[in-house]
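The primary structure of each chain is shown beneath.
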Amino acid sequence: MIIAQTVPTPVGPLAMLAHDEVLVAAGFTGDPEAMFARLSPELRKLGLTVGEVPGAAGAVKEYLDGRLDALDGIAAVQPGSDRRQRLLTALRGVRAGTTVSYAELAERAGMPRTAARAAGGACAQNLVAPFVPCHRVLPSSGGYGGYYYGTPVKEWLLAHEGASLQSGP
């Protein structure tokens, strides 16, 4: 069974979905069923129920209270090729208060800087925001770039973390 829990945040509800105490989806929406629909068919077969997602809600509260690394220790898993998994692992290594460019994310995943599009694809397909912090990736051309849950949410998260709009090299 997939357990769904929604918690309030200053930028709207954050829904979290877990299986066996591991996050399989999270995002800024009050509609966990919409997130459930994005899961793999194997996970959707398990069904969805509302309950408590152990550890995650407390970590979100701590993060909102200023312990910016609180989300780092929450287990999360999502589908993808080896390449996508390397990018997601590198993404989890981008610390709060810092930002990187898509090209730098590719490099951190052991790929050439020219794999920036692949890095962008991994961010766009990320099912476990903000635990897998795709909001910390910015375009090298400047600005915030896109964010599945809207630019205002990305702006708020980066401001909360004290991050500069300047991405890494």
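Given the structure is predicted, the values throughout are model-derived calculations rather than measurements.

Enquirer: Can you walk me through helix α3 (residues 56-64) in this structure?
Expert: It helps to recall that an α-helix has 3.6 residues per turn; residues three or four apart then point in one direction. Within the span of α3, buried status applies to A56, A59, V60 and Y63. Taken around the axis of α3, the buried residues stretch over an arc of 100 degrees, which confines them to a single face. Its buried side turned inward, α3 meets β1 (2-7), β2 (14-19), β3 (22-27) and α7 (151-160).

Enquirer: Can you walk me through the environment of L157 in this structure?
Expert: Position of L157 relative to the elements: it lies in helix α7. Residue classification places L157 among the buried residues on the basis of a relative accessible area of 1%. Sequence spacing of L157 and P10 is 147 residues, and the spatial spacing of their C-alpha atoms is 9.7 Å. In contact with L157, not counting residues within four places along its chain, are F28, Y63, H135 and Y147.

Cut-offs applied
- Residues numbered from 1 in each chain as written.
- Predicted model: local features only at pLDDT ≥ 70, side-chain atom pairs only at ≥ 80, totals over all residues.
- Heavy atoms only, no water.
- Buried < 20%, exposed > 50% of the residue type's maximum accessible area, 1.4 Å probe, protein only.
- Helix = DSSP H or I, 4+ residues; strand = E, 2+ residues; numbered from the N terminus.
- Arc of directions from axis to C-beta.
- Contact = heavy atoms within 4.5 Å.

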